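Take a look at the letters that make up each chain.
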Amino acid sequence: MVNIMKIRFIKMGINGEGIGYLDRKPVFCDGVLPNETAEVEITEDNGRFIRAKLRKIIERSPDRVRPLCPYQRECGGCALMCLKKEKHKEYKKQLLEEALYKYGNVKRHFVRQVHEGETFTGFRNQLKLPVREIDGRLVSGMYKTGTNHFLAVDECAVHDPLLEKTRKDVLDVLNRHGLKAYDKKTKSGIRSLVMRVMDEKVQCTLITGHDKFTASCVEDLMKTEHLVSLFQSVNTETKGSAFFGSKTVLLAGEKTLFLETNGIRLQLSPQSFFQLNREQAEKMYAMAVSKVDPCGLLVEAYCGIGAMSLMAAKKADRVIGIEYIQDAIDNAKQNAELNGIANCEFLCADAAEGLYKAARKQPVDCLLADPPRSGMDENMIAAILKVLPEKIVYISCNPATLAKNLKDLKKSYQVQTVIPYDLFPFTPHVESITVLTRNG
């Protein structure tokens with residue numbers, strides 16, 4: 001029997017969902033804003049909380065606006081696109097404050113105002129989109145929120161416009177050459193498109209099955225305006241969410257994409273991580289580096305391609321960057337050489353293992369860390385509490401895991417400040433820089 005209820009929603013959850021209450025149990029529902037009453041269908045009740053599906057809004061919030069993207073509700077990638085822009089900072093700050101207090105007992109007064117970017121659209125410098133075949137033609141799109149149901153998307157409002165133009169041009173060439181979408185049985189065809197743009201230059205990787213591209217197809221693809229490099233990555237795995245396969249091969253063009261940021265030059269291979277909102281990332285990185293005091297040894301954990309290590313190199317006698325992905329470490333070493341920076345070295349290691357290794361010869365004065373959404377694991381927290389750097393500058397993209405890490409770190413550290421940055425407009429995501437100093 002369908003269970004339909006009318007519920008008043010009073011606040012926003014960490015994923016942008018509305019939260020109301022039914023018999024004192026929280027009810028989570030996507031697509032509803034605080035101060036709205038909605039008719040919802042109960043889809044799950046596990047005793048501790050309830051999940052619901054929106055049927056219709058009965059009383060609308062004065063902060064609700066019409067989304068500028070026609071796919072917003074189906075796609076779900078921009079959950080806050082229906083919220084007035086001027087309210088985003090307020091809600092993101094509130095989400096960060098609540099998570100830090102709930103999970104880490106960090107009081108609200110430590111959290112500064114959110115640093116917002118100048119633009120809400122066209123900021124995303126990379127796309128990773130699945131490819132399907134509709135009416136005999138390849139199209140790219142996204143999966144509907146929480147499902148594996150494909151949604152063809154003609155235009156994405158948050159992608160860099162040059163990325164959007166290039167993906168259409170690339171698909172046109174693939175269609176002209178009769179390429180097909182990926183087939184699990186034959187393990188052949190186009191599976192996904194991965195593209196990155198920097199300074200009007202586009203790097204493209206085709207995620208495929210066991211396909212070989214003809215010379216004429218590669219040549220036609222490279223005629224695409226602004227496309228400077230073309231890669232192929234074979235991925236026939238059926239489990240997991242990774243786009244790239246075990247090996248990525250250059251088909252034509254440049255091996256890496258270059259960019260200049262905060263006074264240093266970087267080169268990016270297709271699998272290299274770089275923040276998707278370049279303008280905001282540059283400001284956030286500059287702020288993080290400004291919090292590093294002149295010191296003997298600076299360690300950057302989860303260093304990726306070494307961007308912040310190189311930016312902070314002038315502040316330390318010695319810098320050690322730690323990253324477990326070998327390709328990223330190779331990029332970091334190349335970037336150090338590219339910039340003529342001699343006091344940076346890079347270790348391919350687990351974060352905890354690398355921190356112990358770095359601390360064997362001299363004390364760690366400052367730890368700069370930018371962990372994944374899952375935060376620091378138990379081994380890394382234990383390593384920090386044993387090595388005891390004088391100062392920690394912690395960049396986080398997940399308020400909940402940040403809060404849990406801070407709760408443990410507060411055994412030996414004091415939180416000095418938390419500085420939020422909005423790198424993903426229209427989403428509930430909020431990045432932050434937390435500065436901690438050792439007790440005593």
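In this report, we go over the structure that sits alongside the text. (Residues numbered from 1 in each chain as written. Predicted model: local features only at pLDDT ≥ 70, side-chain atom pairs only at ≥ 80, totals over all residues. Heavy atoms only, no water.)

**Side note on the pairing of strand β13 (residues 257–261)**
Here β13 shows a clear split, with Leu-257, Leu-259 and Thr-261 buried on one side and none of Phe-258 and Glu-260 buried on the other. As defined by bridge partners, β13 adjoins strand β14 (residues 264–268) across five bridges and the pair is classed as antiparallel. Counterpart to Glu-260 in the pairing with β14 is Arg-265. Joining the antiparallel neighbours β13 and β14 is a turn of two residues, in which Asn-262 adopts a positive phi near 50°. (Buried < 20%, exposed > 50% of the residue type's maximum accessible area, 1.4 Å probe, protein only. Helix = DSSP H or I, 4+ residues; strand = E, 2+ residues; numbered from the N terminus. Pairing = 2+ DSSP bridges.)

**A short note on the environment of Ala-342**
Its place among the elements puts Ala-342 in the loop between α7 (326–338) and β17 (344–348). Spatially, the C-alpha atom of Ala-342 lies 9.0 Å from that of Arg-318, the residues being 24 residues apart in sequence.

**Quick word on the environment of Ile-322**
Turning to its location among the elements, Ile-322 is positioned in strand β16 (residues 316–323). Through-space distance from the C-alpha of Ile-322 to that of Glu-345 is 8.9 Å; in sequence the pair is 23 residues apart. Leaving out residues up to four positions away in the same chain, Ile-322 has contacts with Val-299, Glu-300, Ala-301, Tyr-302, Cys-303, Leu-347, Ala-349, Asp-350, Ala-351, Gly-354 and Leu-355. (Contact = heavy atoms within 4.5 Å.)

**Examining the layout of surface pockets**
As a volume, the second largest pocket reaches approximately 630 Å³. Lining the second largest pocket are 24 residues, with Tyr-143, Arg-191, Glu-237, Thr-238 and Gly-240 positioned closest to its centre. Listing elements by their share of the lining of the second largest pocket, those giving two or more residues are β6 (126–134) and β9 (190–198). Examining the composition of the lining of the second largest pocket, we find that three residues originate from one element, β6, more than from any other. Considered class by class, the residues forming the lining of the second largest pocket number 10 nonpolar, nine polar and five charged. (1 Å grid on protein atoms, 1.4 Å probe; cavity = no way out; pocket = protein on both sides within 12 Å on 5 of 7 lines; lining within 4 Å. Points joined across faces, edges and corners; volume = space filled by probe spheres on them. Nonpolar A, V, L, I, M, F, W, Y, C, P; charged D, E, K, R; others polar.)

**Brief notes about the sheet that holds strand β19 (residues 391–396)**
Spatially, seven strands are ordered β17-β16-β15-β18-β19-β21-β20 in an open sheet, and the strand pairing comes out mixed. A single partner strand is all that each edge strand has here, and the edge strands are β17 and β20 (413–421). Here the strands of the sheet are splayed against their neighbours by 15° on average, with no regard to which way each runs. Seen against the sheet, helix α5 (residues 278–290) touches β18 (366–369), β19, β20 and β21 (431–438) and runs at an angle of roughly 160° to β20. Packed onto the sheet, helix α10 (residues 399–409) meets β19, β20 and β21 and runs at close to 160° relative to β19. (Axes fitted to C-alpha atoms, helices over the stretch in contact; angles between N-to-C directions.)

**Things to note about the side chain of Ser-269**
You can see Ser-269 is positioned in the loop between β14 and α5. On the basis of relative accessibility, which here comes to 16%, the residue Ser-269 falls in the buried class. Of the polar contacts made by the side chain of Ser-269, one reaches the side chain of Asn-331; its length is 3.1 Å. If we skip the residues at most four places from it in the chain, Ser-269 touches Arg-196, Gln-203, Lys-255, Thr-256 and Asn-331. (Polar contact = N/O pair within 3.5 Å; in protein donor to acceptor, adjacent residues only side chain to side chain.)

**Section: empty space enclosed by the protein**
Across all of its chains, the model carries one cavity of 30 Å³ or more by this definition. Looking at the largest cavity, its volume works out to about 30 Å³. Taken together, Gly-117, Glu-118, Thr-119, Phe-123, Asn-277, Glu-279 and Gln-280 make up the lining of the largest cavity. Among the residues forming the lining of the largest cavity, the class breakdown is one nonpolar, four polar and two charged.

**Things to note about the sheet that holds β6**
Strand order in the open sheet formed by seven strands is β8-β7-β6-β9-β10-β11-β12, with mixed pairing between adjacent strands. Only two strands of the sheet have a single neighbouring strand rather than two, namely β8 (150–152) and β12 (248–253). Neighbour to neighbour, the strand axes of the sheet diverge by 35° on average, direction disregarded. Across four bridges, β6 lies against strand β7 (residues 137–143) in antiparallel orientation. Among the inter-strand pairings, Glu-133 is bridged to a residue of β7, identified as Leu-138.

**Things to note about the nonpolar core**
Ranked by internal contacts, the top residues of the largest apolar core, which has 82 residues, are Leu-174, Leu-206, Leu-298 and Ile-433. Membership of the second largest hydrophobic core comes to 36 residues, among which are Val-299, Ile-320, Met-380 and Ile-392. (Core = buried A, V, L, I, M, F, W, Y, C linked by side-chain atoms within 4.5 Å.)

**Considerations on α10**
Within α10, eight of the 11 residues are buried, which leaves the element mostly enclosed by the surrounding structure. Regarding α10, the residues found buried are Pro-399, Ala-400, Thr-401, Leu-402, Ala-403, Asn-405, Leu-406 and Leu-409. Turning to α10, the residues buried within the fold contact α2 (88–104), α9 (378–387), β19, β20 and β21. Residue Asn-398 occupies the N-cap position of α10, its side-chain oxygen lying 3.0 Å from the main-chain nitrogen of Ala-400.

**Overview of unusual backbone geometry**
The phi dihedral of Arg-24 falls on the positive side, at around 70°, and the residue is not glycine. With respect to the element layout, Arg-24 can be found in the loop between β2 (18–22) and β3 (25–29). Residue Arg-24 is classed as exposed on the basis of its relative accessible area of 82%. Of note, the phi angle at Phe-426 is positive, near 75°, even though the residue is not glycine. Summarising the element assignment, Phe-426 is placed in the loop between β20 and β21.

By themselves these figures say nothing about function.
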